[in-house]
Amino acid sequence: MKKEKDFAIKLTHISKKYILHHQKPTLMENIFRFGQKENFWALKKINLELKKGESLGIIGNNGSGKTTFLKIISGITTQTSGDIKVCGRIVSLIDVNSGFNQELTGEENIYLNGMLLGMTRKEIEKKFKQIIKFSDLKKFIDAPFYTYSFGMKLRLGFAIVAYSNPDIILIDEVLAGGDKNFLNRTYRFIKNFLKEGKTLIFVSHFLPILEKFCQKAVFLEKGEIKMFGETKKVINSYKNKIGKNNL
Amino acid sequence: MNNFKKKFLKSWELTLEMTKNEIKARYKNAFFGFLWSFLNPLIQMLVIGFIFQYFIRAPIHNYFPFLFIGLLVWNFFSYSLNKVTPSIVYARDLIHKSSFPRESIPLSIIFSNFFNFLIAFFLFLTFLLIFKQPFVFYQFSSLILIIAALLWIIFLTSGLCLLCSTLNVKYRDINFIIQALTVFWFYATPIIYSLDILPKGYLGIFALNPIVYPLEILRSIILGVNLPPVWIFYGNFIITLILIISGILIFKKESKNFTDWL
(Lines give C-alpha, C1' and ligand atoms only; values in the text may rest on other atoms or scores of the structure.)
Protein backbone atom coordinates (compact mmCIF):
# COMPACT_ATOMS: atom_id res chain seq x y z
CA MET A 1 0.00 0.00 0.00
CA LYS A 2 1.14 3.50 -0.75
CA LYS A 3 2.22 5.38 2.32
CA GLU A 4 -0.09 8.28 3.10
CA LYS A 5 1.78 11.55 3.16
CA ASP A 6 1.63 12.98 6.63
CA PHE A 7 2.56 16.53 5.82
CA ALA A 8 0.00 19.10 4.75
CA ILE A 9 2.38 21.77 3.55
CA LYS A 10 6.08 21.62 2.87
CA LEU A 11 8.05 24.71 1.90
CA THR A 12 11.69 24.52 0.91
CA HIS A 13 13.75 27.62 0.28
CA ILE A 14 10.77 29.73 -0.74
CA SER A 15 11.68 33.26 -1.83
CA LYS A 16 9.50 35.89 -3.38
CA LYS A 17 10.67 38.97 -5.21
CA TYR A 18 8.41 41.89 -6.03
CA ILE A 19 9.26 44.68 -8.40
CA LEU A 20 8.38 47.95 -6.76
CA HIS A 21 6.18 50.23 -8.83
CA HIS A 22 6.25 53.86 -7.99
CA GLN A 23 3.46 54.64 -10.40
CA LYS A 24 1.03 52.77 -12.58
CA PRO A 25 3.14 50.74 -14.99
CA THR A 26 2.74 51.81 -18.63
CA LEU A 27 4.14 50.74 -21.94
CA MET A 28 5.06 54.26 -23.01
CA GLU A 29 7.15 54.73 -19.89
CA ASN A 30 8.88 51.43 -20.54
CA ILE A 31 9.78 52.44 -24.06
CA PHE A 32 10.84 55.99 -23.45
CA ARG A 33 12.52 55.66 -20.11
CA PHE A 34 14.42 52.59 -19.16
CA GLY A 35 12.76 52.51 -15.80
CA GLN A 36 14.78 52.14 -12.67
CA LYS A 37 13.49 48.86 -11.37
CA GLU A 38 13.62 48.37 -7.67
CA ASN A 39 13.40 44.89 -6.29
CA PHE A 40 11.91 43.96 -2.99
CA TRP A 41 12.28 40.56 -1.40
CA ALA A 42 9.08 39.87 0.52
CA LEU A 43 10.18 36.39 1.56
CA LYS A 44 13.69 35.05 1.89
CA LYS A 45 14.43 31.33 1.87
CA ILE A 46 11.56 30.14 3.98
CA ASN A 47 11.65 26.51 5.13
CA LEU A 48 8.65 25.08 6.90
CA GLU A 49 6.81 21.83 7.26
CA LEU A 50 3.34 21.48 8.69
CA LYS A 51 1.74 18.13 9.47
CA LYS A 52 -1.88 17.27 8.93
CA GLY A 53 -4.04 18.22 11.91
CA GLU A 54 -1.73 21.00 12.98
CA SER A 55 -2.65 24.63 13.18
CA LEU A 56 -0.15 27.35 12.55
CA GLY A 57 -0.33 30.96 13.59
CA ILE A 58 1.69 33.62 11.85
CA ILE A 59 2.72 36.80 13.58
CA GLY A 60 4.90 39.67 12.58
CA ASN A 61 4.78 43.37 11.97
CA ASN A 62 3.18 44.93 8.93
CA GLY A 63 5.28 44.25 5.87
CA SER A 64 6.97 41.21 7.31
CA GLY A 65 5.63 38.98 4.53
CA LYS A 66 2.63 37.35 6.21
CA THR A 67 0.17 37.88 3.38
CA THR A 68 2.71 36.95 0.70
CA PHE A 69 3.30 33.77 2.66
CA LEU A 70 -0.41 32.89 2.52
CA LYS A 71 -0.68 33.83 -1.13
CA ILE A 72 2.13 31.55 -2.15
CA ILE A 73 0.71 28.64 -0.18
CA SER A 74 -2.73 29.13 -1.70
CA GLY A 75 -1.30 29.43 -5.21
CA ILE A 76 -2.70 32.94 -5.74
CA THR A 77 0.80 34.01 -6.63
CA THR A 78 3.92 31.99 -7.44
CA GLN A 79 7.25 31.97 -5.65
CA THR A 80 10.32 33.38 -7.39
CA SER A 81 12.41 30.42 -6.29
CA GLY A 82 12.04 27.41 -4.05
CA ASP A 83 9.69 24.49 -3.94
CA ILE A 84 6.28 24.03 -2.39
CA LYS A 85 4.25 20.90 -1.80
CA VAL A 86 0.65 21.07 -0.70
CA CYS A 87 -1.49 18.06 0.13
CA GLY A 88 -5.25 18.46 -0.23
CA ARG A 89 -7.75 21.14 -1.13
CA ILE A 90 -6.69 24.53 0.07
CA VAL A 91 -9.03 27.49 0.54
CA SER A 92 -8.34 30.98 1.78
CA LEU A 93 -10.14 33.86 3.40
CA ILE A 94 -7.69 36.69 2.89
CA ASP A 95 -9.95 39.66 2.24
CA VAL A 96 -13.72 39.84 2.68
CA ASN A 97 -14.33 41.38 -0.73
CA SER A 98 -12.24 38.95 -2.70
CA GLY A 99 -14.07 36.28 -4.62
CA PHE A 100 -17.29 38.25 -4.75
CA ASN A 101 -18.89 40.25 -7.50
CA GLN A 102 -20.32 43.40 -5.96
CA GLU A 103 -23.17 43.60 -8.49
CA LEU A 104 -24.51 40.10 -7.95
CA THR A 105 -26.85 39.02 -5.16
CA GLY A 106 -25.70 37.06 -2.14
CA GLU A 107 -27.12 33.87 -3.63
CA GLU A 108 -25.37 34.27 -6.98
CA ASN A 109 -22.20 35.12 -5.13
CA ILE A 110 -22.34 31.89 -3.16
CA TYR A 111 -22.14 30.00 -6.45
CA LEU A 112 -19.41 32.20 -7.88
CA ASN A 113 -17.31 32.14 -4.73
CA GLY A 114 -17.81 28.42 -4.22
CA MET A 115 -16.65 27.68 -7.73
CA LEU A 116 -13.61 29.88 -7.31
CA LEU A 117 -12.77 27.74 -4.31
CA GLY A 118 -13.00 24.66 -6.47
CA MET A 119 -16.50 23.38 -5.69
CA THR A 120 -18.80 22.09 -8.37
CA ARG A 121 -22.29 23.45 -8.89
CA LYS A 122 -23.80 20.27 -7.46
CA GLU A 123 -21.71 20.45 -4.30
CA ILE A 124 -22.79 24.04 -3.73
CA GLU A 125 -26.45 23.18 -4.25
CA LYS A 126 -26.13 20.49 -1.59
CA LYS A 127 -24.46 22.80 0.94
CA PHE A 128 -26.49 25.89 0.07
CA LYS A 129 -28.86 25.78 3.05
CA GLN A 130 -26.05 25.13 5.52
CA ILE A 131 -24.06 28.04 4.15
CA ILE A 132 -26.99 30.40 4.59
CA LYS A 133 -27.63 29.07 8.08
CA PHE A 134 -24.02 29.48 9.15
CA SER A 135 -23.82 32.97 7.72
CA ASP A 136 -27.16 33.98 9.22
CA LEU A 137 -28.10 35.92 6.10
CA LYS A 138 -31.43 34.37 5.20
CA LYS A 139 -33.24 37.69 4.92
CA PHE A 140 -30.60 39.38 2.78
CA ILE A 141 -29.58 36.57 0.49
CA ASP A 142 -31.17 38.07 -2.62
CA ALA A 143 -29.92 41.59 -1.97
CA PRO A 144 -26.97 42.82 -4.04
CA PHE A 145 -23.60 42.21 -2.45
CA TYR A 146 -22.58 45.88 -2.34
CA THR A 147 -25.35 46.53 0.18
CA TYR A 148 -23.76 44.13 2.68
CA SER A 149 -21.93 45.37 5.72
CA PHE A 150 -18.43 44.22 6.58
CA GLY A 151 -19.77 41.73 9.08
CA MET A 152 -22.23 40.24 6.60
CA LYS A 153 -19.54 39.81 3.94
CA LEU A 154 -17.27 38.21 6.49
CA ARG A 155 -19.94 35.78 7.65
CA LEU A 156 -20.82 34.78 4.11
CA GLY A 157 -17.17 34.46 3.10
CA PHE A 158 -16.35 32.28 6.06
CA ALA A 159 -19.47 30.12 5.65
CA ILE A 160 -18.53 29.30 2.06
CA VAL A 161 -14.97 28.50 3.07
CA ALA A 162 -16.25 26.32 5.89
CA TYR A 163 -18.56 24.27 3.68
CA SER A 164 -16.25 23.95 0.70
CA ASN A 165 -14.84 20.73 2.15
CA PRO A 166 -11.28 22.01 2.52
CA ASP A 167 -8.24 20.18 3.84
CA ILE A 168 -6.32 23.35 4.58
CA ILE A 169 -7.80 26.71 5.52
CA LEU A 170 -5.87 29.98 5.36
CA ILE A 171 -7.25 32.98 7.19
CA ASP A 172 -5.77 36.45 7.14
CA GLU A 173 -6.71 38.89 9.86
CA VAL A 174 -10.33 39.40 8.78
CA LEU A 175 -11.96 37.49 11.63
CA ALA A 176 -11.37 40.43 13.94
CA GLY A 177 -14.41 42.12 12.36
CA GLY A 178 -16.87 39.49 13.55
CA ASP A 179 -19.04 39.74 16.64
CA LYS A 180 -18.91 37.45 19.68
CA ASN A 181 -21.67 35.21 18.35
CA PHE A 182 -19.93 34.66 15.06
CA LEU A 183 -16.55 34.13 16.66
CA ASN A 184 -18.01 31.40 18.89
CA ARG A 185 -19.47 29.62 15.89
CA THR A 186 -16.16 29.98 14.10
CA TYR A 187 -14.27 28.66 17.07
CA ARG A 188 -16.49 25.57 17.30
CA PHE A 189 -16.06 24.97 13.60
CA ILE A 190 -12.29 25.25 13.70
CA LYS A 191 -12.06 22.96 16.70
CA ASN A 192 -13.98 20.24 14.88
CA PHE A 193 -12.04 20.92 11.72
CA LEU A 194 -8.71 20.33 13.43
CA LYS A 195 -10.07 17.21 15.13
CA GLU A 196 -10.70 15.74 11.69
CA GLY A 197 -6.98 15.90 11.06
CA LYS A 198 -7.14 18.99 8.89
CA THR A 199 -4.92 22.01 8.81
CA LEU A 200 -5.32 25.68 9.63
CA ILE A 201 -3.00 28.60 8.97
CA PHE A 202 -3.99 31.78 10.65
CA VAL A 203 -2.57 35.29 10.49
CA SER A 204 -3.56 37.77 13.14
CA HIS A 205 -2.35 40.62 15.27
CA PHE A 206 -4.97 39.66 17.80
CA LEU A 207 -2.81 37.41 19.93
CA PRO A 208 -5.48 35.92 22.26
CA ILE A 209 -7.37 34.45 19.28
CA LEU A 210 -4.14 33.15 17.83
CA GLU A 211 -3.30 31.44 21.10
CA LYS A 212 -6.73 29.87 21.20
CA PHE A 213 -6.64 28.51 17.66
CA CYS A 214 -3.05 27.54 17.01
CA GLN A 215 -0.67 24.97 18.47
CA LYS A 216 2.34 26.27 16.62
CA ALA A 217 3.36 29.69 15.48
CA VAL A 218 5.84 31.41 13.21
CA PHE A 219 7.29 34.81 13.89
CA LEU A 220 8.14 36.54 10.63
CA GLU A 221 10.42 39.53 10.37
CA LYS A 222 11.48 41.18 7.13
CA GLY A 223 10.63 38.07 5.15
CA GLU A 224 12.55 35.68 7.33
CA ILE A 225 11.50 33.24 10.01
CA LYS A 226 12.68 34.63 13.34
CA MET A 227 11.18 31.88 15.39
CA PHE A 228 9.11 28.74 14.92
CA GLY A 229 7.65 26.68 17.73
CA GLU A 230 4.93 26.49 20.34
CA THR A 231 2.50 29.38 20.06
CA LYS A 232 2.98 30.61 23.61
CA LYS A 233 6.74 30.84 23.37
CA VAL A 234 6.63 32.53 19.99
CA ILE A 235 4.08 35.06 21.19
CA ASN A 236 6.21 35.83 24.23
CA SER A 237 9.29 36.42 22.18
CA TYR A 238 7.26 38.58 19.79
CA LYS A 239 5.94 40.63 22.70
CA ASN A 240 9.45 41.03 24.08
CA LYS A 241 10.74 42.23 20.77
CA ILE A 242 7.91 44.73 20.32
CA GLY A 243 8.35 45.91 23.89
CA LYS A 244 12.03 46.58 23.35
CA ASN A 245 11.36 48.56 20.21
CA ASN A 246 8.81 50.68 21.97
CA LEU A 247 11.14 51.70 24.76
CA MET B 1 -4.96 12.07 -17.21
CA ASN B 2 -8.11 11.78 -15.16
CA ASN B 3 -6.92 14.59 -12.97
CA PHE B 4 -6.45 16.78 -16.00
CA LYS B 5 -9.97 16.04 -17.21
CA LYS B 6 -11.39 16.92 -13.81
CA LYS B 7 -9.48 20.18 -13.75
CA PHE B 8 -10.66 21.05 -17.22
CA LEU B 9 -14.31 20.33 -16.38
CA LYS B 10 -14.12 22.50 -13.26
CA SER B 11 -12.59 25.41 -15.09
CA TRP B 12 -15.20 24.99 -17.81
CA GLU B 13 -17.99 25.05 -15.25
CA LEU B 14 -16.57 28.19 -13.70
CA THR B 15 -16.32 29.84 -17.11
CA LEU B 16 -19.95 29.01 -17.87
CA GLU B 17 -21.10 30.32 -14.51
CA MET B 18 -19.25 33.59 -15.10
CA THR B 19 -20.65 33.79 -18.62
CA LYS B 20 -24.14 33.45 -17.21
CA ASN B 21 -23.47 36.18 -14.67
CA GLU B 22 -22.10 38.38 -17.41
CA ILE B 23 -25.22 37.93 -19.56
CA LYS B 24 -27.51 38.47 -16.58
CA ALA B 25 -25.65 41.57 -15.39
CA ARG B 26 -25.79 43.14 -18.81
CA TYR B 27 -29.55 42.98 -19.18
CA LYS B 28 -30.66 43.21 -15.60
CA ASN B 29 -31.95 46.74 -15.83
CA ALA B 30 -32.45 47.11 -19.56
CA PHE B 31 -36.08 47.28 -20.59
CA PHE B 32 -35.66 45.66 -23.99
CA GLY B 33 -33.54 42.82 -22.72
CA PHE B 34 -31.35 41.15 -25.26
CA LEU B 35 -33.18 42.89 -28.10
CA TRP B 36 -30.54 45.58 -27.65
CA SER B 37 -27.91 43.35 -29.16
CA PHE B 38 -30.00 43.36 -32.32
CA LEU B 39 -31.15 46.96 -32.16
CA ASN B 40 -27.63 48.33 -31.85
CA PRO B 41 -26.30 47.09 -35.19
CA LEU B 42 -29.72 47.73 -36.75
CA ILE B 43 -29.55 51.41 -35.90
CA GLN B 44 -25.93 51.57 -37.01
CA MET B 45 -26.88 49.88 -40.26
CA LEU B 46 -29.73 52.30 -40.92
CA VAL B 47 -27.58 55.36 -40.27
CA ILE B 48 -24.50 54.24 -42.19
CA GLY B 49 -26.59 52.58 -44.89
CA PHE B 50 -28.64 55.69 -45.43
CA ILE B 51 -25.56 57.87 -45.82
CA PHE B 52 -23.70 55.54 -48.16
CA GLN B 53 -26.68 54.46 -50.22
CA TYR B 54 -28.27 57.83 -50.82
CA PHE B 55 -25.51 60.41 -50.44
CA ILE B 56 -22.35 58.68 -51.46
CA ARG B 57 -24.02 55.97 -53.57
CA ALA B 58 -21.85 53.00 -52.76
CA PRO B 59 -21.93 50.65 -55.74
CA ILE B 60 -22.67 47.56 -53.68
CA HIS B 61 -25.55 45.23 -54.33
CA ASN B 62 -27.77 44.47 -51.32
CA TYR B 63 -25.99 47.15 -49.35
CA PHE B 64 -28.05 47.00 -46.17
CA PRO B 65 -27.64 43.27 -45.40
CA PHE B 66 -24.03 43.53 -46.60
CA LEU B 67 -23.45 46.24 -44.05
CA PHE B 68 -25.38 44.44 -41.33
CA ILE B 69 -23.23 41.30 -41.37
CA GLY B 70 -20.11 43.43 -41.24
CA LEU B 71 -21.41 45.41 -38.28
CA LEU B 72 -22.50 42.30 -36.41
CA VAL B 73 -19.10 40.67 -36.70
CA TRP B 74 -17.27 43.91 -36.02
CA ASN B 75 -19.37 44.73 -32.96
CA PHE B 76 -18.70 41.33 -31.48
CA PHE B 77 -14.99 41.63 -32.16
CA SER B 78 -14.42 45.21 -31.06
CA TYR B 79 -16.76 45.06 -28.10
CA SER B 80 -15.02 41.93 -26.82
CA LEU B 81 -11.58 43.37 -27.34
CA ASN B 82 -12.39 46.62 -25.56
CA LYS B 83 -14.13 44.92 -22.68
CA VAL B 84 -11.68 42.08 -22.16
CA THR B 85 -8.48 44.15 -22.31
CA PRO B 86 -9.00 45.77 -18.88
CA SER B 87 -10.93 42.76 -17.50
CA ILE B 88 -8.09 41.20 -15.53
CA VAL B 89 -7.42 44.48 -13.78
CA TYR B 90 -11.10 44.92 -12.99
CA ALA B 91 -11.39 41.39 -11.68
CA ARG B 92 -8.75 41.84 -9.01
CA ASP B 93 -11.22 40.94 -6.27
CA LEU B 94 -11.75 37.55 -7.85
CA ILE B 95 -8.10 36.93 -8.61
CA HIS B 96 -7.04 37.61 -5.04
CA LYS B 97 -9.39 34.89 -3.80
CA SER B 98 -7.88 31.67 -5.03
CA SER B 99 -5.77 30.08 -7.71
CA PHE B 100 -8.71 29.38 -10.04
CA PRO B 101 -7.97 29.23 -13.79
CA ARG B 102 -7.56 32.87 -14.78
CA GLU B 103 -8.67 32.36 -18.37
CA SER B 104 -12.25 32.09 -17.11
CA ILE B 105 -12.36 35.87 -16.80
CA PRO B 106 -11.62 36.86 -20.43
CA LEU B 107 -13.35 33.83 -21.90
CA SER B 108 -16.58 34.43 -20.00
CA ILE B 109 -16.81 37.93 -21.46
CA ILE B 110 -16.14 36.67 -24.97
CA PHE B 111 -18.71 33.89 -24.62
CA SER B 112 -21.39 36.23 -23.33
CA ASN B 113 -20.74 38.57 -26.25
CA PHE B 114 -20.87 35.63 -28.61
CA PHE B 115 -24.21 34.63 -27.16
CA ASN B 116 -25.55 38.08 -28.00
CA PHE B 117 -23.98 37.87 -31.42
CA LEU B 118 -25.70 34.56 -32.13
CA ILE B 119 -29.11 35.90 -31.17
CA ALA B 120 -28.71 38.87 -33.48
CA PHE B 121 -27.30 36.64 -36.19
CA PHE B 122 -30.29 34.28 -36.16
CA LEU B 123 -32.74 37.15 -36.09
CA PHE B 124 -30.96 38.53 -39.11
CA LEU B 125 -31.12 35.23 -40.98
CA THR B 126 -34.83 34.98 -40.20
CA PHE B 127 -35.38 38.44 -41.68
CA LEU B 128 -33.48 37.45 -44.80
CA LEU B 129 -35.63 34.36 -45.20
CA ILE B 130 -38.82 36.38 -44.85
CA PHE B 131 -37.75 38.92 -47.47
CA LYS B 132 -36.42 36.14 -49.73
CA GLN B 133 -32.98 37.55 -50.20
CA PRO B 134 -30.74 35.40 -52.37
CA PHE B 135 -28.81 33.26 -49.99
CA VAL B 136 -27.31 29.88 -50.04
CA PHE B 137 -28.20 28.51 -46.66
CA TYR B 138 -29.91 25.34 -47.73
CA GLN B 139 -26.80 23.27 -48.32
CA PHE B 140 -25.04 21.29 -45.66
CA SER B 141 -21.63 22.41 -46.86
CA SER B 142 -22.48 26.08 -46.48
CA LEU B 143 -23.68 25.42 -42.95
CA ILE B 144 -20.28 23.87 -42.18
CA LEU B 145 -18.56 26.90 -43.68
CA ILE B 146 -20.63 29.28 -41.58
CA ILE B 147 -19.70 27.36 -38.44
CA ALA B 148 -16.04 27.35 -39.48
CA ALA B 149 -16.12 31.13 -40.04
CA LEU B 150 -17.76 31.69 -36.65
CA LEU B 151 -15.17 29.48 -34.96
CA TRP B 152 -12.43 31.42 -36.70
CA ILE B 153 -13.87 34.67 -35.40
CA ILE B 154 -14.22 33.37 -31.86
CA PHE B 155 -10.70 31.88 -31.76
CA LEU B 156 -9.17 35.00 -33.23
CA THR B 157 -10.99 37.18 -30.71
CA SER B 158 -9.96 34.91 -27.84
CA GLY B 159 -6.30 34.87 -28.82
CA LEU B 160 -6.06 38.60 -29.23
CA CYS B 161 -8.05 39.24 -26.05
CA LEU B 162 -5.82 36.94 -23.98
CA LEU B 163 -2.80 38.78 -25.31
CA CYS B 164 -4.16 42.28 -24.66
CA SER B 165 -5.62 41.53 -21.24
CA THR B 166 -2.27 40.09 -20.11
CA LEU B 167 -0.31 43.03 -21.45
CA ASN B 168 -2.73 45.45 -19.84
CA VAL B 169 -1.88 44.04 -16.43
CA LYS B 170 1.75 45.03 -16.92
CA TYR B 171 1.22 48.14 -19.02
CA ARG B 172 -1.95 49.94 -18.09
CA ASP B 173 -1.94 52.13 -21.18
CA ILE B 174 -2.57 49.14 -23.47
CA ASN B 175 -6.24 49.76 -22.80
CA PHE B 176 -6.04 53.24 -24.33
CA ILE B 177 -3.93 52.04 -27.21
CA ILE B 178 -6.54 49.39 -28.00
CA GLN B 179 -9.33 51.95 -27.88
CA ALA B 180 -7.51 54.13 -30.38
CA LEU B 181 -6.60 51.15 -32.51
CA THR B 182 -10.23 50.01 -32.71
CA VAL B 183 -11.31 53.21 -34.43
CA PHE B 184 -8.57 52.82 -37.01
CA TRP B 185 -9.23 49.11 -37.38
CA PHE B 186 -12.90 49.71 -38.17
CA TYR B 187 -11.98 51.58 -41.34
CA ALA B 188 -9.23 49.11 -42.19
CA THR B 189 -11.82 46.35 -42.37
CA PRO B 190 -14.27 46.02 -45.27
CA ILE B 191 -17.39 46.74 -43.23
CA ILE B 192 -18.88 49.79 -44.90
CA TYR B 193 -17.15 49.13 -48.22
CA SER B 194 -16.35 46.00 -50.19
CA LEU B 195 -12.98 44.81 -51.39
CA ASP B 196 -14.30 44.68 -54.98
CA ILE B 197 -14.49 48.45 -55.27
CA LEU B 198 -10.91 49.03 -54.13
CA PRO B 199 -7.93 49.31 -56.48
CA LYS B 200 -6.11 45.96 -56.62
CA GLY B 201 -2.89 47.45 -55.27
CA TYR B 202 -4.41 48.04 -51.84
CA LEU B 203 -5.44 44.43 -51.26
CA GLY B 204 -2.12 43.53 -49.62
CA ILE B 205 -3.06 45.47 -46.50
CA PHE B 206 -6.05 43.23 -45.95
CA ALA B 207 -3.92 40.11 -45.84
CA LEU B 208 -2.58 41.53 -42.56
CA ASN B 209 -6.04 42.06 -41.07
CA PRO B 210 -7.15 38.65 -39.76
CA ILE B 211 -10.82 39.54 -39.31
CA VAL B 212 -11.31 40.10 -43.06
CA TYR B 213 -11.52 36.55 -44.34
CA PRO B 214 -13.97 35.01 -41.87
CA LEU B 215 -16.21 38.03 -42.43
CA GLU B 216 -15.99 37.60 -46.19
CA ILE B 217 -16.79 33.89 -45.87
CA LEU B 218 -19.99 34.73 -44.02
CA ARG B 219 -20.94 37.29 -46.64
CA SER B 220 -20.21 35.01 -49.53
CA ILE B 221 -22.40 32.26 -48.12
CA ILE B 222 -25.27 34.41 -46.98
CA LEU B 223 -25.30 37.04 -49.69
CA GLY B 224 -23.41 35.34 -52.50
CA VAL B 225 -20.65 37.96 -52.60
CA ASN B 226 -17.39 36.91 -54.29
CA LEU B 227 -14.61 35.72 -52.00
CA PRO B 228 -11.35 37.71 -51.97
CA PRO B 229 -8.25 36.04 -53.48
CA VAL B 230 -6.91 33.05 -51.64
CA TRP B 231 -3.58 34.60 -50.66
CA ILE B 232 -5.50 36.95 -48.39
CA PHE B 233 -6.83 33.80 -46.73
CA TYR B 234 -3.29 32.55 -46.10
CA GLY B 235 -2.17 35.87 -44.68
CA ASN B 236 -5.19 36.12 -42.39
CA PHE B 237 -4.89 32.54 -41.29
CA ILE B 238 -1.21 32.77 -40.39
CA ILE B 239 -1.73 35.98 -38.42
CA THR B 240 -4.67 34.42 -36.61
CA LEU B 241 -2.51 31.45 -35.64
CA ILE B 242 0.29 33.70 -34.43
CA LEU B 243 -2.15 35.73 -32.31
CA ILE B 244 -3.76 32.64 -30.78
CA ILE B 245 -0.49 30.90 -29.96
CA SER B 246 1.23 33.97 -28.56
CA GLY B 247 -1.92 34.89 -26.63
CA ILE B 248 -2.13 31.50 -24.97
CA LEU B 249 1.60 31.28 -24.22
CA ILE B 250 1.91 34.76 -22.76
CA PHE B 251 -1.29 34.40 -20.76
CA LYS B 252 -0.14 31.07 -19.38
CA LYS B 253 3.22 32.46 -18.35
CA GLU B 254 2.02 35.69 -16.80
CA SER B 255 -1.23 34.55 -15.19
CA LYS B 256 0.69 32.82 -12.39
CA ASN B 257 1.83 36.19 -11.11
CA PHE B 258 -1.13 38.45 -11.92
CA THR B 259 -1.65 39.31 -8.26
CA ASP B 260 1.80 40.89 -8.07
CA TRP B 261 0.64 43.59 -10.46
CA LEU B 262 -2.87 44.17 -9.16
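Criteria and cut-off values
Residues numbered from 1 in each chain as written. Chains lettered and ligands numbered in written order. Predicted model: local features only at pLDDT ≥ 70, side-chain atom pairs only at ≥ 80, totals over all residues. Axes fitted to C-alpha atoms, helices over the stretch in contact; angles between N-to-C directions. Helix = DSSP H or I, 4+ residues; strand = E, 2+ residues; numbered from the N terminus. Parallel < 35°, antiparallel > 145°, perpendicular 65-115°, else oblique. Left-handed = near helix turned anticlockwise from the far one by under 90°. Contact = placed C-beta atoms within 7 Å. Pairing = 2+ DSSP bridges. Domains from an automatic or database assignment. Nonpolar A, V, L, I, M, F, W, Y, C, P; charged D, E, K, R; others polar. Core = buried A, V, L, I, M, F, W, Y, C linked by C-beta atoms within 7 Å. Buried ≥ 20, exposed ≤ 12 C-beta atoms within 10 Å, placed from the backbone.

Asker: Before we go on, may I ask you to explain the packing of helix α4 (residues 121–135) of chain A against helix α5 (residues 150–162) of chain A in this structure?
Answerer: When two helices pack together, their arrangement is given by the angle between the helix axes and the distance between those axes. Residues and elements named next belong to chain A. Remark: α4 packs on α5, axes separated minimally by 8 Å, with the N-to-C direction vectors making an angle of 140 degrees. With respect to α5, the element α4 is oriented oblique. The chirality of how α4 crosses α5 is right-handed. From α4, I131, F134 and S135 reach across to α5, where they touch R155, L156, A159, I160 and A162.

Asker: Got a minute to help me understand the environment of Y54 of chain B in this structure?
Answerer: Mapping Y54 of chain B onto the fold places it in helix α2 (residues 36–55). The spatial distance from the C-alpha of Y54 of chain B to the C-alpha of F122 of chain B is 28 Å, given a sequence separation of 68 residues.

Asker: Honestly, the sheet that holds strand β2 (residues 38–51) of chain A in this entry has me stumped. Any pointers?
Answerer: Consider a sheet: its strands pair through backbone hydrogen bonds, and that pairing is either parallel or antiparallel. Residue and element names in this part refer to chain A. One open sheet holds the three strands; their spatial order is β2-β1-β4, and the pairing between them is antiparallel. With one partner strand each, in any of the chains shown, β2 and β4 (81–86) form the two edges of the open sheet. Ignoring which end each strand starts from, the neighbouring axes of this sheet average 20 degrees apart. The pairing of strand β1 (residues 7–20) with β2 spans 10 bridges and is antiparallel. When the bridges of β2 are listed, K17 appears paired with W41.

Asker: How do you make sense of the domain arrangement of chain A when you look at a structure like this?
Answerer: Often the size quoted for an interface is simply the accessible area lost on bringing the parts together. Residue and element names in this part refer to chain A. By the assigned domains, chain A splits into domain 1 (1–88 + 167–247) and domain 2 (97–165). For domain 1 versus domain 2, the distance between C-alpha centres works out to 24 Å. Domain 1 puts nine residues into the contact, and the matching count from domain 2 is eight residues. Of the residues belonging to the side of domain 1 that touches domain 2, the class tally is four nonpolar, three polar and two charged.

Asker: Would you mind going over the interface of chain B and chain A with me for this structure?
Answerer: Between chain B and chain A, the residue contacts involve 22 residues of the former and 33 residues of the latter. Grouping the constituent residues of the side of chain B that touches chain A by class yields six nonpolar, six polar and 10 charged.

Asker: Hey, could you run me through the nonpolar core in this one?
Answerer: Side chains of a nonpolar character, in soluble globular proteins, are inclined to be buried together. Residue and element names in this part refer to chain A. Formed by 74 residues in total, the largest nonpolar core has its most connected members in L170 and A217. Each of domain 1 (1–88 + 167–247) and domain 2 (97–165) contributes no fewer than three residues to this core. Discounting residues that sit within four places of it in the chain, L170 has contacts with L70, I73, S74, I90, S92, I94 and I201.

Asker: Please explain the sheet that holds strand β5 (residues 90–93) of chain A as it appears in this structure.
Answerer: Residue and element names in this part refer to chain A. Taken in spatial order, the six strands make up an open sheet running β5-β6-β7-β3-β8-β9, and their pairing is mixed. Either end of the sheet is taken by a strand with one partner, and the two such strands are β5 and β9 (224–230). Ignoring which end each strand starts from, the neighbouring axes of this sheet average 15 degrees apart. Sheet topology note: the strand β3 (residues 55–59)/strand β8 (residues 216–221) ladder contains four bridges and is parallel.

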